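Take a look at the letters that make up each chain.
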Amino acid sequence: MGLYSRNKGKRGERLWASFCREQGYDVHRTAQYRGNTGAAGDVEGLPYIHCEVKYVQALNIAKAMEQSVRDSMAGEEHDDPILHDIPIVASKRSKEPWLVTMEFLDWVVMSETGNFNHKKIYTVGKKQEKFSIRKAIEEAKGRFQQGDIFAISYHRGDFNLATMYAEDWFTLYREWEAGMDLKRRAEREEH
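Residues numbered from 1 in each chain as written. Predicted model: local features only at pLDDT ≥ 70, side-chain atom pairs only at ≥ 80, totals over all residues. Heavy atoms only, no water.

Asks: Talk me through the pairing of strand E3 (residues 49-55); I want residue IDs and the actual numbers.
Replies: Within E3, 7 of the 7 residues are buried, which leaves the element mostly enclosed by the surrounding structure. Neither face of E3 is left uncovered, since the one carrying Ile49, Cys51, Val53 and Tyr55 and the one carrying His50, Glu52 and Lys54 both have all their residues buried. Pairing geometry for E3 and strand E4 (residues 86-92), over 7 bridges, is parallel. What sits directly across from valine 53, in E4, is alanine 90. (Buried < 20%, exposed > 50% of the residue type's maximum accessible area, 1.4 Å probe, protein only. Helix = DSSP H or I, 4+ residues; strand = E, 2+ residues; numbered from the N terminus. Pairing = 2+ DSSP bridges.)

Asks: Which residues make up the packing of aromatic side chains, and what values go with them?
Replies: Overall, the coordinates contain 16 aromatic pairs when judged by the stated rule. Note on tryptophan 16 and phenylalanine 19: the rings are 5.6 Å apart at their centroids and 20° apart in plane angle, and the pair reads as stacked. With a gap of 3 residues between them, tryptophan 16 and phenylalanine 19 both fall in helix H1 (residues 3-22), about one helical turn apart. With 6.2 Å between their ring centres and 40° between their planes, tyrosine 173 and tryptophan 176 make a pair best called tilted. With tyrosine 173 and tryptophan 176 both in helix H6 (residues 166-190) and 3 residues apart, the pair spans about one turn of that helix. A relative accessible area of 6% places tryptophan 176 in the buried class. Put simply, the rings of Trp16, Phe19, Tyr25, Tyr48, Trp98, Trp169, Phe170, Tyr173 and Trp176 pair up and form one aromatic cluster. The ring of phenylalanine 131 has arginine 156 lying over it, and the distance from NZ or CZ to the ring centre is 4.8 Å. (Phe/Tyr/Trp six-rings, centres within 6.5 Å; stacked < 30°, edge-to-face > 60°. Lys NZ or Arg CZ within 6 Å of the ring centre and 35° of its normal.)

Asks: How would you summarise the nonpolar core if you had to cite specific residues and measurements?
Replies: Counting 31 residues, the largest nonpolar core has Trp16, Leu46, Ile49, Met110, Trp169, Phe170 and Tyr173 as the members making the most contacts within it. Elements with a contribution of two residues or more to this core: H1, E3, E4, strand E5 (99-103), helix H4 (104-113), strand E7 (149-156), strand E8 (159-165) and H6. Considering every element that reaches this core, the biggest residue donor is H6, with 7 residues. In this view, tryptophan 169 contacts Leu46, Ile49, Ile88, Val100, Met102, Met110 and Met164; residues no more than four positions away in its chain are not counted. (Core = buried A, V, L, I, M, F, W, Y, C linked by side-chain atoms within 4.5 Å. Contact = heavy atoms within 4.5 Å.)

Asks: Give me the pattern of salt bridges: which residues, what numbers.
Replies: Under the counting rule described, the total for this entry stands at 7 salt bridges. For arginine 29, the salt bridge identified is with glutamate 13, shortest N-O distance 2.7 Å. Pair noted here: arginine 29 is in strand E1 (residues 28-29) and glutamate 13 is in helix H1, with a separation of 16 residues, a long-range link. Accessibility expressed as a relative area gives 9% for arginine 29, which makes it buried. When the shortest N-O distance is used, the salt bridge between glutamate 52 and lysine 54 registers 3.4 Å. There is no split in this pair, since glutamate 52 and lysine 54 are both buried. Among the charged side chains, a salt-bridge network with shared partners connects Glu66, Arg70 and Asp71. (Salt bridge = Lys/Arg side-chain N within 4 Å of Asp/Glu carboxyl O.)

Asks: Give a detailed account of the state of the cysteines, specifying residues and quantitative values.
Replies: For the structure on display, the rule yields 0 disulfides. A disulfide-free cysteine, cysteine 20 has its sulfur positioned 6.3 Å from the sulfur of cysteine 51, the nearest such atom. By relative accessible area, cysteine 20 is classed as buried at 0%. (Disulfide = S-S within 2.5 Å.)

Coordinates in, geometry out; function isn't part of it.
Right under this line is the structure:
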């Protein structure tokens, strides 16, 4: 990887960390604090999440997701995916909003966990193999009311994926994380 690509990657990680701090999370680049470990996500501070950050104009989402999944399990002594952080890919193009991609089943779990009151949650499936994810999200946005949450579900490589605007992802994540914290607290009290 060339110097320009490394610097762009670092810049993307800083931008994502800044975006996460705007959402209320104390997120920072992993390499800044622990060096480049290989198994660690690009940023840390989102509990239960392994985050791969991509700041590129053209993204191979299957390859990025494969990296996030592989790294989320690296260094672990067990092969149970339930015990691992959820792998996500946060991606951005210049002058465009952040998107978050995750495995579809993880998205289902998050979307069914929270209490979203007035918000409606939708998924829009795309059957064709080749399409622009960003264009599909923009087109879908016009079909829903302001405040509704939606994701585009599709298949790439070995993955069934869901991609959504990062702001919407944080709405799901906050509710899901709160439930995980309660679950972990209850487990600790049992022992």
